[in-house]
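The lines below spell out each chain.
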Amino acid sequence: MANPFDIFTNEMIFTILDYLNDDPFSKRSFSLVCRSFYFIESRHRTSLKPLRSDLIPRTFHRYPSIANLDLSLCPLVDDNALTSISSTWKSTLRSVNLSRSKSFTSIGLSALASNCLGLVDIDLSNGTELTDSAAKVIAEAKNLERTICLRWCLRVTDLGVELIAMKCKEIRSLDLSYLPITEKCLLRILQLPHLEDLVLEGCLGIDDDGLATLKHASKSIKMLNMSRCQNVSHVGLSSLTSGAESLQQLILAYGPAVTADLAKCLHNFAGLQSIKLDGCSVTCSGMRAIGNWNSSLIELSLCKCTGVTDECLSFLVQSHKELRKLDITCCRKITCASIDSITSSCTSLTSLKMESCSMVSKDAFVLIGQRCQLLEELDVTDNEIDDEGLKAISRCSRLCSLKLGICINTTDDGLTMLGVAVQSSKSLIYTGMSPGISDTGIAAIAQGCPALEIINIAYNNNITDLSLTSLSNCSRLKVLEIRGCPCVSSVGLSTIAKECKVIEVVDIKKCYNINDNAMLPLAQFSQNLKQINLSYCSVTDVGLLCLSSINRLRNMTILHLAGLTPNGLAAALLACGGLTKVKLHTSFKPLLPQHIFRYMKARGCVFHWRNKAFQVEIDPKGWQLQSGRCSEAAE
């Protein structure tokens, strides 16, 4: 019998596979259809992210055309592995991520630099043992033209950075965060003709005096990140940015005070579109000076800034009416007057974050829904929003992400209106003891937002298995956080596991009625699971061993599991080959054999020990919640 797919050329099938790049499960299913499809898919794949270091050699023969290699899940990549990689994909490799790998040296990097002549991106962040010799090797990869990331490479100094800047002339993005560098290497960096993004976050060796010695500014830089540079004031910033006529984005988080002097040194940057001042102390004169800039801001972040008032914020937004993204998280002095100015001036907002703006009244949220209907992201966590506010926000039909944590004035009625109107929503974060939210509201969201990918309904005693059954219709669900929901059980979680097969994160801490019966469905159907919190659940050795069969599982938190024994824990740890992080109670530390720790460390797994006492939750009705049952608390 003739194969109906024989009429398709490889190029035609490659085009089909291009549409599946964001769906690894579909691509895997495609490759398992027949030998021909298996072969074609292996030749089509250009990006690879191995789950474990020991799997890397198996990929050499199957995938000959890898261009983008992400080894961030492989903490044990040694020089031999890098040498093999550089010889296997020397003609195709263009990007490599080694941000979690700590076992290689400059020898392995030298093989990459000399063999992979097409390499344009390399990420070496967190390479705390890498020195200037490694930077020298990287400098030999002269074709690096897009990104070099040395974040947290604490032993790389001015010398190493200068070598890179001298030889990698085509580089466009350079991340030097937390390096012990000074202004000595900046002179070379600022001479790079194509540099667009420069990140100097946490570089404490850079100060005003050093920056004052710079004679050249980079005319090509578009993004500059000077966050946490505590020794740089507006004086140093002025020296560094003088002549940076292409500057579009500036990040000064947790940096100098936002005064009129700082704002004035940026006054003439007509192309500046985004500024992030998170954690800075701002003055009214500084805010007014920003309002008088020649540029028209598109993005402004004032998250956790002290000193933001109605007067200065209102003036600023009235001057920058083209704002698309605004973050005023924890600006606790502003009131409804600010929201009135924001919503009347910036009607094209697509993102508004205003968590813990505690003085903003409920009427403000009606204004948001009435005037800013292009919103795609809204965070009103810990605010006075009520059902009328949710009704107004339901007009924002493009809303994809909504955070409503600790909004105690909302009820099922408000969520129902949202579910009907905001059908494009992919993320709903709804945490806190909200007596008005129950299974009814969650069902409305699940029915109205079938594309939901993230939901957090933690700490709600009204949530039961009915909510999880409703959410099981959201087949794209990736993150489920239901910690502190004592009325959900294994039945509901099993339903999620069977229907939401792409789920990656599950937090069931203090869900006392979830036991081993839910772990088997998770192990069977949720092969994409990467992170799980089992603390205080009723899971035993048996359930934990079931989970150990999930190859992608990276992170487990297992505190206060009454049914867990040292032998069961040891068996699960040995069987779970991909773990990189485990949180355990300190009581297990002397009970586990030492060879377990050596073996896990050799695989790249890190243990985090906690000595927290067992916590007993008491809900507002005075009931004590523990071990899967409710009992009346002693008065």
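Computed from a predicted model, the values in this text were never measured in an experiment.

Undergrad: So what's going on with the packing of helix 15 (residues 336-345) against helix 16 (residues 363-371)? Which residues, and what values?
TA: Contact geometry of helix 15 with helix 16 gives a least axis separation of 9 Å together with a crossing angle of 5°. The pairing of helix 15 with helix 16 is recorded here as roughly parallel in orientation. Every residue of helix 16 that contacts helix 15 at C336, I339, D340, T343 and S344 is listed here: D363, A364, L367, I368 and R371. Considering only residue class, the contact of helix 15 with helix 16 consists of five nonpolar, two polar and three charged.

Undergrad: Outline the UniProt feature "domain: F-box/LRR-repeat protein 15-like leucin rich repeat" (unreviewed entry) in the protein, supporting the account with residue identities and numerical values.
TA: With numbering aligned to this structure, UniProt lists the feature "domain: F-box/LRR-repeat protein 15-like leucin rich repeat" (unreviewed entry) at residues 53-236 and 320-472. Annotation note: span residues 53-236, helix share 33%, strand share 11%, distance between end C-alpha atoms 44 Å.

Undergrad: Summarise unusual backbone geometry; cite the residues concerned and give the values.
TA: Despite not being glycine, Y459 shows a phi value in the positive range, around 55°. Relative to the assigned elements, Y459 resides in the loop between strand 17 (454-456) and helix 20 (465-471). Even without being glycine, K510 reaches a positive phi, approximately 65°. Overall, K510 belongs to the buried group, its relative accessible area being 3%.

Undergrad: Let's hear about the layout of surface pockets: which residues, and what values?
TA: The computed volume of the largest pocket comes to approximately 1700 Å³. If you go around the largest pocket, you meet 41 residues; those closest to its centre are P24, F25, R28, R45 and R552. Among the secondary structure elements, those contributing two or more residues to the lining of the largest pocket are helix 2 (24-31), helix 3 (35-44), strand 1 (47-48) and helix 4 (56-62). The volume enclosed by the second largest pocket comes to roughly 310 Å³. What lines the second largest pocket is a set of 19 residues, among which R483, K509, N533, T557 and K583 lie closest to the centre. Elements with a contribution of two residues or more to the lining of the second largest pocket: strand 19 (505-507), strand 20 (531-533) and strand 21 (555-558). Taken together, the residues of the lining of the second largest pocket break down into five nonpolar, seven polar and seven charged.

Undergrad: I'd like a description of the nonpolar core, backed by residues and values.
TA: In a soluble, globular protein the nonpolar side chains are often hidden away together inside. L109, I189 and L200 are the most contacted members of the largest nonpolar core, which has 181 residues in total. Counting residues per element, this core draws most heavily on helix 7 (residues 132-139), at five residues. Ignoring anything within four residues of it in the chain, the contact list for L109 reads L82, L98, F104, I122, L124, L130, A134, V137 and I138. Grouped together as the second largest cluster of nonpolar side chains are five residues, I13, L17, F37 and I40 included.

Undergrad: Run through the environment of S356, naming residues and quoting values.
TA: Relative to the helices and strands, S356 resides in the loop between strand 13 (351-353) and helix 16. The spatial distance from the C-alpha of S356 to the C-alpha of P450 is 29 Å, given a sequence separation of 94 residues. Contact partners of S356, with chain neighbours within four places excluded, come to C330, R332, T381, D382 and N383.

Undergrad: Describe the packing of helix 2 against helix 3, and please don't skip the residues or the numbers.
TA: Remark: helix 2 packs on helix 3, axes separated minimally by 7 Å, with the N-to-C direction vectors making an angle of 135°. As the angle between them shows, helix 2 and helix 3 are arranged oblique. Residues K27, F30 and S31 of helix 2 touch helix 3, and the partners they reach there are F37, Y38, E41 and H44. Split into classes, the residues belonging to the contact of helix 2 with helix 3 amount to three nonpolar, two polar and two charged.

Undergrad: Which residues make up the environment of A289, and what are the values?
TA: Structurally, the position occupied by A289 is in helix 13 (residues 284-291). Using a relative accessible area of 12% as the deciding quantity, one classes A289 as buried. Expressed as a C-alpha distance, the spacing of A289 and V258, which sit 31 residues apart in the sequence, is 9.7 Å. If near-sequence neighbours (up to four positions away) are discounted, A289 is found in contact with A260 and A263.

Rules of the game
- Residues numbered from 1 in each chain as written.
- Predicted model: local features only at pLDDT ≥ 70, side-chain atom pairs only at ≥ 80, totals over all residues.
- Heavy atoms only, no water.
- Axes fitted to C-alpha atoms, helices over the stretch in contact; angles between N-to-C directions.
- Helix = DSSP H or I, 4+ residues; strand = E, 2+ residues; numbered from the N terminus.
- Parallel < 35°, antiparallel > 145°, perpendicular 65-115°, else oblique.
- Contact = heavy atoms within 4.5 Å.
- Nonpolar A, V, L, I, M, F, W, Y, C, P; charged D, E, K, R; others polar.
- UniProt positions renumbered as here; feature names shortened; annotations may be inferred.
- Buried < 20%, exposed > 50% of the residue type's maximum accessible area, 1.4 Å probe, protein only.
- 1 Å grid on protein atoms, 1.4 Å probe; cavity = no way out; pocket = protein on both sides within 12 Å on 5 of 7 lines; lining within 4 Å.
- Points joined across faces, edges and corners; volume = space filled by probe spheres on them.
- Core = buried A, V, L, I, M, F, W, Y, C linked by side-chain atoms within 4.5 Å.

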